[in-house]
Amino acid sequence: MCQDGSMTKENLRRVSKRLGAIQESATLAVDAKAKALKAAGHPVIGFGAGEPNFPTPDFIVEAAAAAARDPKNHKYTPAKGLPELRAAIAEKTLRDSGVTVDPNDIVVTNGGKQAVYQAFAAIVDEGDDVLLPAPYWTTYPEAIRLCGGNPIEVFAGSDQGYKVTVDQLDAAWTEQTKALLVCSPSNPTGAVYSADELRAIGQWALDKGVWVITDEIYEHLVYEGEPAYILAVCPELADQTIAVNGVAKTYAMTGWRVGWMYGPSDVIKAASNFQSHVTSNVANVSQRAALAALTGDQSVVEEMKTAFDRRRHTIVQMLRDVRGFEVPMPTGAFYVFPNVQGVLGREVAGRVANTSSELAELILDQAQVAVVPGEAFGAPGYLRLGYALADDDLVAGIERLQKLFA
């Protein structure tokens, strides 16, 4: 103690162990660095962000502007979300997936990230294991740890299309296994599970008594065949499944921060109680914008999807001409996830990168192209490139990589 009674720095732990252990989002860090370099005059092309380059459609923006002028949106509203938005989410869920959900069993959240965290918080206790297929989105393991759980990685590389099998899940299961995370279409790989694959995983979870958290944020970005939903193909799983979703990717609304979660009534009630203390309601103007998105002209979704599909083919074709890159064709989302182990250990521009993290730094320094290393996704030896950027920038960026690795 100091003479005045205050704690010394040596005795005062300034940051809690739980928050101190959290790593910064690698994808946001790469995007921020790319934007900072570009603002400083460097011709950086960024493939790091998981964000559509399109503006939010005009009819959604107009709905928000009207909402901002309406005094009823200037006050608190129910913590779990506007009733009309929850009804629209239920209608949209039935329309898109064939899954029936009670609007009372929906919580509107501040973006998909809050939905993911609250899903884990609602069911995971200290010491519970959560099976986490890898490559995974960077937020999943951090959210699991924040809830006291242990992320148990189950890796599926490019040789199996980045999709885990029931046999792998079975080998990773223990008595401490509480839940399984399913993300299809996948961030970061663009892999999409078929109906048969999801049915098999769902049946396995039923047999084992394992909860499923299914992240369906990229549901409208499936380029080959139709999207599959685990609750549609395995409806018996409804009492042990939480679905998370949002408007960010489908409607180019990443900055509006509107997501949602639905599941069994008792779990959703617990999540709603939690949200009532953490954030209360999502901003009403954003909720009104989301309502317009879900109930308005859906042709805008197809227009953006068409552009993403064109870019998907372009980036894969061009990356396959980069020496040492192995590039599976993604069938969903807007990411490509090349295996770059053929480049590691090789001299490039007078330098040798032995890890994909070092390779990402080399690419940024030498080609002024920002990519995310696979280590961020539990997949050393890989890189993630998002193709939700302008066509001209996409081509110019990959041409730089082709030149760098020639």
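Residues numbered from 1 in each chain as written. Predicted model: local features only at pLDDT ≥ 70, side-chain atom pairs only at ≥ 80, totals over all residues. Heavy atoms only, no water.

Student: Sorry if this is basic, but what is going on with the side chain of S158 here?
Tutor: Of note, S158 is situated in the loop between β4 (150–155) and α7 (166–172). Under the relative-accessibility criterion, S158 is labelled buried at 14%. Filtering out sequence-adjacent residues up to four positions away, S158 remains in contact with E326, P328, N339 and Y382. (Helix = DSSP H or I, 4+ residues; strand = E, 2+ residues; numbered from the N terminus. Buried < 20%, exposed > 50% of the residue type's maximum accessible area, 1.4 Å probe, protein only. Contact = heavy atoms within 4.5 Å.)

Student: What exactly am I supposed to notice about the sheet that holds strand β13 (residues 372–373) here?
Tutor: Pairing between the strands of a sheet comes from backbone hydrogen bonds, and it takes one of two forms, parallel or antiparallel. In space, the three strands of this open sheet follow the order β9-β14-β13, with antiparallel pairing throughout. Each having just a single partner strand, β9 (335–336) and β13 make up the two edges of the open sheet. Sheet topology note: the β9/strand β14 (residues 383–386) ladder contains two bridges and is antiparallel. Each residue of the ladder has a partner; that of V336, found in β14, is L385. Each of β13 and β14 is contacted by helix α13 (residues 356–367), which is oriented at about 45° to β14, the strand it contacts most. (Pairing = 2+ DSSP bridges. Axes fitted to C-alpha atoms, helices over the stretch in contact; angles between N-to-C directions.)

Student: Would you explain the packing of helix α4 (residues 83–97) against helix α11 (residues 284–295) in this entry?
Tutor: Helix packing for two helices is described by the angle between their axes and how far apart those axes are. It is the contact of α4 with α11, at a shortest axis distance of 10 Å, that shows an interaxial angle of 30°. When the interaxial angle is binned, α4 and α11 end up roughly parallel. Note that α4 runs across α11; the crossing there is left-handed. Between α4, through E84, L85, A88, I89, K92 and R95, and α11, the contact on the second element is made entirely by Q287, R288, A290, L291, L294 and T295. Across the contact of α4 with α11, the residue classes break down as six nonpolar, two polar and four charged. (Parallel < 35°, antiparallel > 145°, perpendicular 65-115°, else oblique. Left-handed = near helix turned anticlockwise from the far one by under 90°. Nonpolar A, V, L, I, M, F, W, Y, C, P; charged D, E, K, R; others polar.)

Student: Explain the sheet that holds strand β7 (residues 241–246) to me, please; I cannot follow it from the model alone.
Tutor: Judged by pairing direction, the sheet is mixed, and its seven strands sit side by side in the order β2-β8-β7-β6-β5-β3-β4 without closing on themselves. Here the strands that pair on one side only, and so sit at the sheet edges, are β2 (106–109) and β4. Each strand axis lies, on average, 20° off the axis of its neighbour in the sheet, ignoring direction. Both strand β6 (residues 211–215) and β7 contribute to a ladder of four bridges, which runs parallel. Directly across from D215, in β7, lies its bridge partner V244.

Student: Could you clarify how one ought to interpret the pairing of β7 in this entry?
Tutor: For a regular strand, the rule is simple: side chains alternate between the two faces of the sheet. Counting buried residues along β7, six of its six residues qualify, which places the element largely inside the surrounding structure. Of the two faces of β7, both are covered, the one formed by T241, A243 and N245 as well as the one formed by I242, V244 and G246. In the sheet, β7 pairs with strand β8 (residues 259–262) via four bridges, with the strands oriented antiparallel. Note that in β8 the partner of V244 across the bridge is M261.

Student: Just to check I follow, could you spell out the nonpolar core for this structure?
Tutor: Nonpolar side chains tend toward joint burial in soluble globular proteins. Core analysis: the biggest nonpolar cluster contains 47 residues, and L85, L169, L180, V247, Y251, Y262 and L294 have the highest contact counts within it. No other element matches the five residues that α11 contributes to this core. The residues touching L169, leaving out its near neighbours within four places in the chain, are L131, V154, V164, L180, I201 and W204. I217, F334, A360 and I363 belong to the second largest nonpolar core, which has 41 residues in total. (Core = buried A, V, L, I, M, F, W, Y, C linked by side-chain atoms within 4.5 Å.)

Student: Before we go on, may I ask you to explain the environment of V107 in this structure?
Tutor: For V107, the position within the fold is in strand β2. Take V107: its relative accessible area is 0%, and that puts it in the buried class. Sequence-wise, V107 and R311 are 204 residues apart; in three dimensions their C-alpha atoms are separated by 34 Å. When neighbours within four sequence positions are excluded, V107 is seen to be in contact with K80, Q118, G259, W260, M261, I268, S272 and Q275.

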